[in-house]
Amino acid sequence: MITRALQAVAVLCFCIATLLLITNVITRYVVMDWMHSLTAYTGGFTPIFDRVAMRMMSISGMADEIPGYLLIWIALLGGLLVHKDDKHISYDGIVEKCGKYQTVLFVIGRLLMLLFFVVLTYQSVRMIYVGGDSHLETVDIPVGYFMIIVPLFGVGMALYCVHHIILKVKKP
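What you see is a predicted model; the values in this text were computed from it and never measured. (Residues numbered from 1 in each chain as written. Predicted model: local features only at pLDDT ≥ 70, side-chain atom pairs only at ≥ 80, totals over all residues. Heavy atoms only, no water.)

Draft legend 1. Layout of helix H6 (residues 149-170). Helix length check: H6, at 22 residues, gives a terminal C-alpha distance of 31 Å against a target of 32 Å (1.5 Å per residue), a fit within 8%. Among all positions of H6, only Ile-149, Val-150, Pro-151, Phe-153, Gly-154, Gly-156, Met-157, Ala-158, Tyr-160, Cys-161, His-164 and Ile-165 are buried. (Helix = DSSP H or I, 4+ residues; strand = E, 2+ residues; numbered from the N terminus. Expected span 1.5 Å × (residues − 1). Buried < 20%, exposed > 50% of the residue type's maximum accessible area, 1.4 Å probe, protein only.)

Structure follows, in structure tokens:
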């Protein structure tokens, strides 16, 4: 159930980011080019065209900034989904050659990862507390809404590290 929810959020972020980028491309290269051609033809902007141009520029700015933040969401949710099943890229050739110490090395590695994710979670909560109220430049949305994925990612990864340690220790 959690996997489906994470996948759904990642797909939603991807779709929104894609739509905003398509909107940005259309705005910049079709509408704005048309408006520049019209300006050259009429000899300048009229008040109506001026208002339309300002709206188009605000859409274009929003479509630049938000997809970048959504890309962070997609990357972190993807990392969480891959780590859940322990399918991340890793080099375990050295661990496989250690024979009876494989479990010990696995647990040490996971404990180090756990420590990292605990520190990441703590520092990201501090980051949101300090800078989460600031707003995006192009849209009146607090940056904290986009930053919330980092502590969620840290907690999820830490829980999966503990889960993998328990599974490895219980395994005969």
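Draft legend 2. Seen up close, the side chain of His-164. Looking at the secondary structure, you find His-164 in helix H6. Residue classification places His-164 among the buried positions, given a relative accessible area of 7%. Excluding residues that lie within four positions of it along the chain, His-164 makes contacts with His-83, Lys-84, Asp-85, Asp-86, Phe-106 and Arg-110. (Contact = heavy atoms within 4.5 Å.)

Draft legend 3. Just the state of the cysteines, in detail. Across all of its chains, the model carries zero disulfides by this definition. Left without a disulfide partner, Cys-13 is nearest to the cysteine sulfur of Cys-15, which lies 9.4 Å away. (Disulfide = S-S within 2.5 Å.)

Draft legend 4. Geometry of the environment of Gly-132. With respect to the secondary-structure elements, Gly-132 resides in the loop between helix H4 (102-131) and helix H5 (144-147). Each residue touching Gly-132, except ones within four places of it in the same chain, is listed here: Met-127, Pro-142, Val-143, Gly-144 and Met-147.

Draft legend 5. Molecular detail of the packing of H4 against H6. One can describe the packing of H4 onto H6 by two numbers: an axis separation of 8 Å at closest approach and a directional angle of 160°. On the basis of their axis angle, the class for H4 and H6 is roughly antiparallel. For the pair H4 and H6, the sense of crossing is left-handed. Here the contact of H4 with H6 is composed, by residue class, of 19 nonpolar, five polar and two charged. (Axes fitted to C-alpha atoms, helices over the stretch in contact; angles between N-to-C directions. Parallel < 35°, antiparallel > 145°, perpendicular 65-115°, else oblique. Left-handed = near helix turned anticlockwise from the far one by under 90°. Nonpolar A, V, L, I, M, F, W, Y, C, P; charged D, E, K, R; others polar.)

Draft legend 6. Seen up close, a nonpolar patch on the surface. On the surface, a cluster of nonpolar side chains totalling about 470 Å² of accessible area is made up of Tyr-101, Val-104, Leu-105, Ile-108 and Leu-112. Positionally, Val-104 belongs in helix H4. Judged by relative accessible area, which is 45%, Val-104 ranks as partly exposed. (Patch = residues over 30% accessible without salt bridge, like charges linked within 9 Å, V, L, I, M, F, W, Y side chains within 5 Å. Areas by Shrake-Rupley, 256 points an atom, 1.4 Å probe, with all protein chains shown as cover. Salt bridge = Lys/Arg side-chain N within 4 Å of Asp/Glu carboxyl O.)

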